[in-house]
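Read off the chains here:
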Amino acid sequence: MKHYKVLWFDDEFDELLLIKETAAINDISLHGFSNAEEGVAELEKNYLIYDAVIADGLFFNKPGQSGDSVKDTALFSVARAIDKLSDKKVMPWFILSGQSSFTKEKNRYAEGYKNNKVYDKTSQDHLDLLWNDVKREADLQPETQIKHDYAKAFELCQAKYIGKAALKPLMQILKSVREPNSSFDDELYFTQIRIILELMFRATNTIGLLHDRCVDGGKVNLSESSLFLSGVATKHLGVSCKKAHFNKIISESVKSIIFITGAASHTVDPEIKNNINLTDYRQSVNTPYLLYSLTFQLLDILIWFKKYADENSDINKNKSLWESVDLSTSDEEWIKGQVIKIAENGYGTFKPLAGGNTLSIIPHMVNEFKLREHQKIEVATKPDATGTKKLIRSIRA
């Protein structure tokens, strides 16, 4: 079922319960402001949330005003704000008034902006017409169409789940999917997918599913978070979960997104065979389908998360599944040493304290651990594809 969210400017919105009820019957939720200043601020900040705007003819310009302070200049302020917003989103808007100076006479702003088309709030026929017009005009806007087409995903864009911050990047990537002939910047859109995944990980931490160490210092460690929620010990962080929250499909989808979106912004290590240079790959196939496949994987992950979060909301119970991993008994051999150089291309050089060959640190690890020259660290290694060289697998900074 389609649902519409409408910003409503009216100094008496709290008292007009019948209008709210008839709007709700028509699947429209009205979110009221008595004054232009606060309502316009809300509109400018959260314009993607709303499908339309309704404004009274006379209401307050500023918060705290009362009585006869209502002015039609408040209507003008709203109209100007909607005009300024048009390069970001075309916002359908309507005038709903009970004043005869609007419904039976001409008002300067109603005439200038709406050719004096005003709906009478005292007329049920006018209200029915208004609700139909709101939905009809909103349905013409791409943002409303996308929110309706992917309603289950947008349900997560509230504080209880991944928050309003996810709405803009989610809308951006879905717009690119909806417009297959449009060009898009790989790094920008793959970054949007990564941002949404990070917001989901933060939400899992909020309800105790994800260990605090995975978001230590406010930065989400995507790889370690994926391991922890998959029930795999995170040897770098020294924690694990007694239960795999991710099922196999979700786990593999998350790993795929982290790997591919990471390749969008990280320099390829020439020592590693078969790694991906995403720019070269996209240029060679010349299609947007990789983005689309990751987008739909992300939507499945989000919808799975909402259901799982609703069913596992006991924070204390979730945290009781956390456990520590004894790093001293790890099957990895940790080598002590020092970062002796960080080159202009982003690569670092590690020198073992006990001597021997230096090792290359890929830019991704330099950035992730915020490494600097002369810093003492420990590394764990693995052989390369040929078995002739050692590559750094993990870092303790």
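Residues numbered from 1 in each chain as written. Predicted model: local features only at pLDDT ≥ 70, side-chain atom pairs only at ≥ 80, totals over all residues. Heavy atoms only, no water.

Peer 1: Please clarify how the sheet that holds strand 10 (residues 359-361) should be interpreted in this entry.
Peer 2: The pairing of strands in a sheet happens through backbone hydrogen bonds and is either parallel or antiparallel. Within the open sheet, the five strands sit side by side as 10-9-8-11-12. Their pairing is antiparallel. Edge positions in the open sheet fall to strand 10 and strand 12 (390-396), since each of these has one partner strand only. In this sheet, neighbouring strand axes are inclined to one another by 50 degrees on average, regardless of whether the strands run parallel or antiparallel. For strand 8 (residues 334-342) and strand 11 (residues 376-383), the ladder comprises five bridges, and the chain directions are antiparallel. The partner of Gln338 across the bridge, within strand 11, is Lys376. (Pairing = 2+ DSSP bridges. Helix = DSSP H or I, 4+ residues; strand = E, 2+ residues; numbered from the N terminus. Axes fitted to C-alpha atoms, helices over the stretch in contact; angles between N-to-C directions.)

Peer 1: Please explain the pairing of strand 4 (residues 93-97) as it appears in this structure.
Peer 2: Sheet faces and side chains relate simply in a regular strand, where the side chains alternate between the two faces. Counting buried positions over the five residues of strand 4 gives five, a clear majority of the element. Along strand 4, one buried face is formed by Trp93, Ile95 and Ser97 and the opposite face, lined by Phe94 and Leu96, is buried too. With three bridges connecting them, strand 3 (residues 52-55) and strand 4 associate as parallel partners. The residue of strand 4 that forms the bridge with Ala55 is Ile95. Taken together, the two bridges between strand 4 and strand 5 (residues 119-120) define a ladder with parallel strand orientation. Counted as the bridge partner of Leu96 is Tyr119 from strand 5. (Buried < 20%, exposed > 50% of the residue type's maximum accessible area, 1.4 Å probe, protein only.)

The analysis is restricted to geometry; functional conclusions fall outside its scope.
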